[in-house]
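Chain and residue survey
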Amino acid sequence: MYMHHAKQKNRHLLTVALAGLIMQSMGSSAQPHIYPAPSQSHKIVLINGTIHIGNGEVIPRGMIAFDGGKITAVGERVDTGHAEVIDVSGMQVYPGLIAPVTNLGLVEVEAVRATRDVDEVGQIIPSVRSIVAYNTDSKVIPTLRSNGILLAHIVPEGGLIGPTSSVVQLDAWNWEDALYSKDIGIQLYLPRLYPANPEAETRALQQVNTIKRFFQEAAAYYQEPQHTHRNLSFEAVRGLFDRSKILFVHADLEKEIWLALDLARTFHFRTVIVGGADSWRVADELKKHDIAVILQPPHSLPVTPDDPVDLPFRTAALLQQAGVLFCIGEEGFWQQRNLPFEAGTAAAYGLTREQALEAITLKAAQILGIDALTGSLQAGKDANIVVSRGDILDMRTSKVEMAFIQGRKINLDNKQKDLLRRYVYKYGLDIDTTRIY
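What counts, and where the lines are drawn
- Residues numbered from 1 in each chain as written.
- Predicted model: local features only at pLDDT ≥ 70, side-chain atom pairs only at ≥ 80, totals over all residues.
- Heavy atoms only, no water.
- Pairing = 2+ DSSP bridges.
- Helix = DSSP H or I, 4+ residues; strand = E, 2+ residues; numbered from the N terminus.
- Axes fitted to C-alpha atoms, helices over the stretch in contact; angles between N-to-C directions.
- Buried < 20%, exposed > 50% of the residue type's maximum accessible area, 1.4 Å probe, protein only.
- Lys, Arg positive; Asp, Glu negative; His and termini not counted.
- Salt bridge = Lys/Arg side-chain N within 4 Å of Asp/Glu carboxyl O.
- Polar contact = N/O pair within 3.5 Å; in protein donor to acceptor, adjacent residues only side chain to side chain.
- Contact = heavy atoms within 4.5 Å.
- Phe/Tyr/Trp six-rings, centres within 6.5 Å; stacked < 30°, edge-to-face > 60°.
- Lys NZ or Arg CZ within 6 Å of the ring centre and 35° of its normal.

Read across the sheet, eight strands follow the order E6-E7-E8-E9-E10-E11-E12-E13 without closing on themselves; strand pairing throughout is mixed. Two strands close off the open sheet at either side, each with one partner strand: strand E6 (97-102) and strand E13 (326-328). Between one strand axis and the next, the sheet turns through 25° on average, direction left out of account. Two strands pair when backbone bridges link them, and strand E10 (residues 246-251) and strand E11 (residues 270-275) are joined in this way by six bridges, in the parallel orientation. Paired with Ala251 across the strands is Gly275, a residue of E11.

Right, dumping it as structure tokens:
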């Protein structure tokens, strides 16, 4: 993926072509009736809905106006002049949900190698840009939008110091259109420090020394007034040193998180822990050094045999009590549609409903550095809005009726809905599909 030489680029193009043939043979051709919405052409006002701002505030019977892709007013009463007025009585209005870590668009069919473009070769590869491999035609993307997820942080895999990651909006013709915030950070995949395994720990610490040496050499590279040879890897991590980029450290165990803390202190990087199963154990240090956490999904098993079985459910509440900035993530790509229900589980184990909503909206935006644009329903921010007939965090009642990305009313259909309608028709079933979706 992301080839640097012409020969490799041709090979990549051949792979993409073969992938297309494989997808067609599997009945996975494009969905012609699902296409990106045009730009917002006129003012829209949603009225009479319960508006969840995303920062803990709720307006029980409120109004929200947006025009030109931006929210212009939110409150109990707003100006409806020269606007399309949509009555959402009895419905819940939310900020667009944000998937804070996913390989969406980099994988389509896990069992088909030609559709997996997520893992790069090499150990130190920060110069690789994952965004150029993002596939806006993925059939998985519409299934996320149907559950209110409108933005995603696309995270690749590979190496110790992995490729750059970017944030996309989920209604686009190509990756350039999708780009919401480009190359925001570098992925650092710390080796697993398995308990009671000295050999594995020794090997892991050697890899950590390799990581530290790379950053030390990068720092020295920046001090040179002129370079004989341009080092693309050093250039790619320059933003870490001026804190314009984020170091996303994938770590779960307590020892691994301490290593991440050491790196953050040594190099003064903006650091975010991804996974963070044991983050509650070092919450005070994380808060002290202003390090945020993208939590593993609550629907997970504990990482060690001695942990309580419900610990993943409660970790979000433990971080909330400690004052650590965190959001809730979900692993993989097709699983992302369950993100709101992961947050709902955290709400059942210590968070309030609004705190759980924040964990997949405003707090996710803050951690990804896009909170000036999105994450809450406030004037001046992008009109990324979801309207649901029930509680969006509740799998039983959630039914997303409409959604807007930057003011554009998007298509909420998907392949799964299409298949339901198809077989209801084929077998003459007495099912009202509009009540299911």
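There is more to say after this.
Attention now moves to the side chain of Lys381. Assignment of secondary structure puts Lys381 in the loop between helix H12 (362-368) and strand E14 (385-388). Asp371 is the oppositely charged side chain nearest to the buried, salt-bridge-free Lys381, at an N-O distance of 5.9 Å. Within the structure, Lys381 has its side chain in polar contact with the backbone oxygen of Asp371 (distance 2.8 Å). Setting aside its immediate chain neighbours within four residues, Lys381 contacts Gly69, Lys70, Ile71, Leu362, Asp371, Ala372, Leu373, Thr374 and Ser376.

This next bit is on the pairing of E14. Residues Ile385 and Val387 of E14 are buried on one face, and the alternating residues Val386 and Ser388, pointing to the opposite face, are buried as well. As judged from the four bridges shared by E14 and strand E15 (residues 400-405), these two strands associate in the antiparallel manner. Paired with Ser388 across the strands is Val400, a residue of E15.

So, about helix H10 (residues 339-348). Most of H10 is tucked away, with nine of its 10 residues classed as buried. Those residues of H10 not exposed but buried are Leu339, Pro340, Phe341, Glu342, Ala343, Gly344, Thr345, Ala346 and Ala347. Taken together, the buried residues of H10 touch E6, strand E7 (149-154), helix H9 (311-322), E13 and helix H11 (353-358). Positioned one or two residues after H10, Gly350 has a phi angle of 125°, which is positive.

What follows concerns the pattern of salt bridges. A complete count under the given rule lists 21 salt bridges for this structure. Taking the shortest distance from any N to any O, the salt bridge between Asp183 and Arg129 comes out at 2.9 Å. With Asp183 in strand E9 (residues 179-189) and Arg129 in the loop between E6 and helix H2 (140-145), the pair connects residues that are 54 residues apart, well separated along the chain. Note on Asp183: relative accessible area 15%, which makes it buried. Residue classification places Arg129 among the partly exposed residues on the basis of a relative accessible area of 29%. Measuring nitrogen to oxygen at the nearest pair gives 3.4 Å for the salt bridge that ties Asp252 to Arg192. Here Asp252 is found in the loop between E10 and helix H7 (254-267), whereas its partner Arg192 is found in the loop between E9 and helix H4 (198-223), with 60 residues between them in sequence.

What follows covers the packing of aromatic side chains. Using the criterion set out here, one finds 13 aromatic pairs in the structure. An aromatic cluster is present here, built from Phe214, Phe215, Tyr221, Tyr222, Phe234, Phe241, Phe267 and Phe269 joined pairwise through their rings. Lying over the aromatic face of Tyr423, Arg422 brings its terminal NZ or CZ to 5.8 Å of the ring centre.

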